[in-house]
Amino acid sequence: MTAEQNDFAKNVFINCPFDTTFIPLLRPLIFTILYLGYTPKIATERSDSGEARINKIRELIEQSKLSIHDLSRIRSAKRDEFYRMNMPFELGVDIGCRFFKEGRARDKKCLVLEKEKYRYQKALSDMSGSDIKNHNDEPEELVRQVRNWFVENEIQHADSGTKIWETFNEFMADFYQKRQDERFKDRDLEMMPLQEYIRFIHEWLKEKSK
Amino acid sequence: MSKKPGKGTSKRVHIISRKDGWAIKKQGASRASKIYQKKETAIKNAQKLRKTGHDVIVHKKDGSIQKWEKPKK
């Protein structure tokens, strides 16, 4: 297997909101992917203002065999707020890539997450009959669902969802302590670029495995 | 990173959100020692370990840090 093919097999495109309301789910999601030995690919990983977002997304989808789409925030949460179409749009591009592209794109697999089990059918009935997992907005449940999906589709064995969740909590303590030592404030942590967070997890897991 | 994760100078005990309540878990232990329905009860019980040199780290539901209590001297 070439390095490029290997990257393709290990890359996981993440399609979810990147605002602060989703951070409680995004952090354990990214941690779980890295814990299982895969590479999260997110649209915010390059911040070139001159690059059209759709081109970046297309490239990430093409580079990733696996993808995780979270539709739990497509519904507007308050009056006069628009519903959010980026997530179902990117899911459509990803599924389209699998349908219409030749070669390795045919091996692509995706996990679709929602808050409640059948809610998505009201907004996206084209996906009826698909196996969609729900996390109830619970970070621990999200970890379990993502871990189970990897075991069902990609890997033979993985630590339990509970073990990964507890390890994530221990990681957060080290993360918090190190950032405090470096004089980061809580707001700095909230606004931290995801790539920096990913690098930190990488180093932490590497150290832990020694 | 200069030191191995979780291998600092102090011992740690975590209060972690679980589906069925709040767990007390000593760092390095293979599993949580006990699960309490109420977070306050878990914290109260974990705080007893401060006398034995443990840091007590209380996590929020999303795993982030709510409170970090140092050992009692």
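Residues numbered from 1 in each chain as written. Chains lettered and ligands numbered in written order. Predicted model: local features only at pLDDT ≥ 70, side-chain atom pairs only at ≥ 80, totals over all residues.

(A) Up close: the overall build of chain B. The helix and strand inventory of chain B stands at one helix and five strands. Secondary structure elements of chain B occur, N-terminal to C-terminal, as β-β-β-α-β-β. Counting every position in chain B, which comprises 73 residues, the buried fraction comes to 27%. Nonlocal contacts in chain B, meaning residues at least 24 apart in sequence, comprise 30% of its contacts between residues at least 6 apart. (Helix = DSSP H or I, 4+ residues; strand = E, 2+ residues; numbered from the N terminus. Buried ≥ 20, exposed ≤ 12 C-beta atoms within 10 Å, placed from the backbone. Contact = placed C-beta atoms within 7 Å.)

(B) Fine view of the confidence of the model for chain B. Per-residue pLDDT for chain B has a mean of 88; in total, 86% of the residues score no lower than 70. Quick note on the complex model: pTM equals 0.90, ipTM equals 0.90. (pLDDT = per-residue confidence, 0-100.)

(C) Structural detail: the sheet that holds strand 5 (residues 65-69) of chain B. Read across the sheet, five strands follow the order 3-2-1-4-5 (chain B) without closing on themselves; strand pairing throughout is mixed. Two strands in the sheet have a free side with no partner beyond their single neighbour: strand 3 (34-36) and strand 5 of chain B. The mean inter-strand angle of the sheet, taken between neighbouring strand axes irrespective of direction, is 20°. Here strand 1 (residues 11-18) of chain B pairs with strand 4 (residues 54-59) of chain B via five bridges, running parallel. Its bridge partner being in strand 4 of chain B, H14(B) is matched across the sheet by I57(B). Across the sheet, helix 7 (residues 161-181) of chain A touches strand 1, strand 2 (21-26), strand 4 and strand 5 of chain B, and the angle it forms with strand 1 of chain B is around 125°. (Pairing = 2+ DSSP bridges. Axes fitted to C-alpha atoms, helices over the stretch in contact; angles between N-to-C directions.)

(D) Geometry of helix 2 (residues 23-35) of chain A. Residue and element names in this part refer to chain A. The terminal C-alpha atoms of helix 2, which comprises 13 residues, lie 18 Å apart, in line with the 18 Å expected from a rise of 1.5 Å per residue. On its buried side, helix 2 packs onto strand 1 (11-15), strand 2 (39-41), strand 3 (66-70), helix 6 (139-153), helix 7 and helix 9 (194-209). Looking at the residues trailing helix 2, positive phi occurs at G37, about 90°. (Expected span 1.5 Å × (residues − 1).)

(E) Seen up close, the interface of chain B and chain A. On the side of chain A, 19 residues touch chain B, which itself brings 19 residues to the contact. Those elements that place two or more of their residues in the side of chain B that touches chain A are strand 1 and strand 4 of chain B. Per-element accounting of the side of chain B that touches chain A gives the leading share, five residues, to strand 1 of chain B. Looking at the side of chain B that touches chain A, its residues break down into five nonpolar, seven polar and seven charged. (Nonpolar A, V, L, I, M, F, W, Y, C, P; charged D, E, K, R; others polar.)

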